[in-house]
Amino acid sequence: TAVIATADSLAQTFLPNSIKDSLPKLHNVHMIISDPDAKVMQDAIVVDLNTSFQMGKDGLVKLIAHEYHHNYRAMTSKSYDHPLMVQLNKIHQEGLADLIDKDEPPIEEMGLFPKAILEIYNNDYQNTPNNLRTLDSLTQEFLAQELDTTTYYQQINNYFKFGGHTAGIYMSFKIAKMLNKEVLIESYNDPIKFVELYNDVAQASPGDHVFSSVFISYIKTLDQ
């Protein structure tokens, strides 16, 4: 009970004050035997039992706080159908929640996951600028009718690896460093603002991809 209460308090520090008087009821937390992770599933938060023992109390608090943040965000944000917005929403929700419990990559361990997965994670994190550049290019090709809808959707479905963690944390850490964490908290449920904030800092960061005006204009039409 104490761990869950502490996790809830921690999650709320990553929410804007403007919504704290009307927060929804949180899902129950269930310990199960599964893959070494935690996630929001239907109307529950599930945590792998072995992972919880391996993390210790402080780590478990942060892990549950991360999932609680997803819980709060999902109950107060839009639901997207377009595959591009689904992907952007993923990197946004993970990018902000990862500030609660994740270190900035490259990392040297990932709980009970094997070293091979860790290497793929770190490599994908470093490749984020290229991944963003390719997503921008695919979208421009689609809008120029150089890609048909079916092909475009196939290309961007499940586009970001690790459920959006690697790209999201790359973008959110850069925003937090160059601007501040508060701008991320204020826009906690607005993936368009997240992309715009990233674009602002990427312009002053050599090697990072700056999303095209065509891409930005298009995602704004999808958010209406």
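Only a predicted model underlies this, so the values are computations on that prediction, with no experimental measurement involved.

Chemist: Please explain the side chain of Asp 124 as it appears in this structure.
Modeler: Among the structural elements, Asp 124 can be located in helix 4 (residues 115–126). Residue Asp 124 is classed as buried on the basis of its relative accessible area of 7%. Polar side-chain contacts of Asp 124 include one of 2.6 Å to the side chain of Thr 166.

Chemist: Help me out: how do you make sense of the packing of aromatic side chains in this one?
Modeler: In this description, a pair of aromatic rings is defined by centroid distance and the angle of the planes. As enumerated under the stated definition, the model contains 7 aromatic pairs in all. A ring pair is formed by Phe 211 and Phe 215, whose centres lie 4.5 Å apart and whose planes are at 20 degrees; its orientation type is stacked. We note that Phe 211, like Phe 215, is buried. An aromatic cluster of at least three residues, connected via ring pairs, comprises Phe 142, Tyr 152, Tyr 153 and Tyr 218.

Chemist: Before we go on, may I ask you to explain the sheet that holds strand 2 (residues 38–41) in this structure?
Modeler: Strand pairing in a sheet relies on backbone hydrogen bonds. The paired strands run either parallel or antiparallel. An order of 1-3-2 is seen for the 3 strands of this open sheet, with the pairing classed as mixed. Whereas interior strands pair on both sides, the edge strands pair on one side only; in this sheet they are strand 1 (28–32) and strand 2. Strand-to-strand twist across the sheet, computed as the mean angle between neighbouring axes with direction ignored, equals 25 degrees. The pairing of strand 2 with strand 3 (residues 44–48) spans 4 bridges and is antiparallel. Note that in strand 3 the partner of Ala 38 across the bridge is Val 47. Contacts from helix 2 (residues 49–76) reach strand 1, strand 2 and strand 3, with the element oriented near 155 degrees to strand 3.

Chemist: Would you explain helix 1 (residues 2–12) in this entry?
Modeler: The α-helix winds at 3.6 residues per turn, so residues separated by three or four positions along the chain end up facing the same way. The set of residues buried in helix 1 consists of Val 3, Ala 7, Asp 8 and Ala 11. All buried residues of helix 1 project into a common sector of 135 degrees when viewed along the axis, lining one side.

Chemist: Teacher, can you tell me more about the pattern of salt bridges here?
Modeler: Oppositely charged side chains are able to pair whenever their charged atoms sit close together. Counted according to the given criterion, the structure contains 8 salt bridges. The shortest N-O distance in the salt bridge between Asp 223 and Lys 78 comes to 3.4 Å. Note that Asp 223 is positioned in the segment after helix 10 (213–222) and Lys 78 in the loop between helix 2 and helix 3 (83–101), a separation of 145 residues in sequence. Given a relative accessible area of 18%, Asp 223 falls into the buried group. Taking relative accessible area as the criterion, Lys 78 reaches 46% and is therefore assigned partly exposed. Here Asp 208 ties to Lys 174 by a salt bridge, and the two come within 3.1 Å at their closest N and O atoms. Of this pair, Asp 208 sits in the loop between helix 9 (191–202) and helix 10 while Lys 174 sits in helix 7 (residues 165–178), and the two are 34 residues apart along the sequence. One connected set of salt bridges, linked through shared partners, spans Asp 98, Asp 101 and Lys 102.

Here is what the cut-offs are and how they apply
- Every chain begins its residue count from 1, and numbering advances along the sequence as written.
- Only residues with pLDDT of at least 70 are given local features in this predicted model, and only at 80 or more are side-chain atom pairs given and counted; all residues enter the totals for whole chains, interfaces and linings.
- As a rule here, side-chain values come from all non-hydrogen atoms in the structure, and water together with hydrogens is ignored.
- Only DSSP runs of H or I covering at least 4 residues are called helices, and only runs of E covering at least 2 are called strands; the numbering of each starts at the N terminus.
- Relative accessible area decides the class of each residue, using a 1.4 Å probe on protein chains only: under 20% of the type maximum gives buried, over 50% gives exposed, and in between gives partly exposed.
- Identification of polar contacts relies on pairs of N or O atoms within 3.5 Å, with a donor-acceptor requirement for protein atoms, meaning one able to donate a hydrogen and the other able to accept it, and with residues adjacent in sequence counted only if both atoms are side-chain atoms.
- Aromatic rings from Phe, Tyr and Trp, taking only the six-membered ring of Trp, are treated as a pair when their centres fall within 6.5 Å; an angle between ring planes under 30 degrees marks them as stacked, one over 60 as edge-to-face, and anything in between as tilted.
- Two strands pair under a simple rule: DSSP has to find at least two bridges between them.
- Here, axes are lines fitted to C-alpha atoms. For helices the fit covers the stretch in contact, and angles between N-to-C directions go from 0 to 180 degrees.
- By the convention used here, residues are in contact when the closest approach between their heavy atoms is within 4.5 Å.
- The directions from the helix axis to the C-beta atoms form the arc being described.
- Should a side-chain nitrogen of Lys or Arg be within 4 Å of a carboxyl oxygen of Asp or Glu, the pair is scored as a salt bridge.

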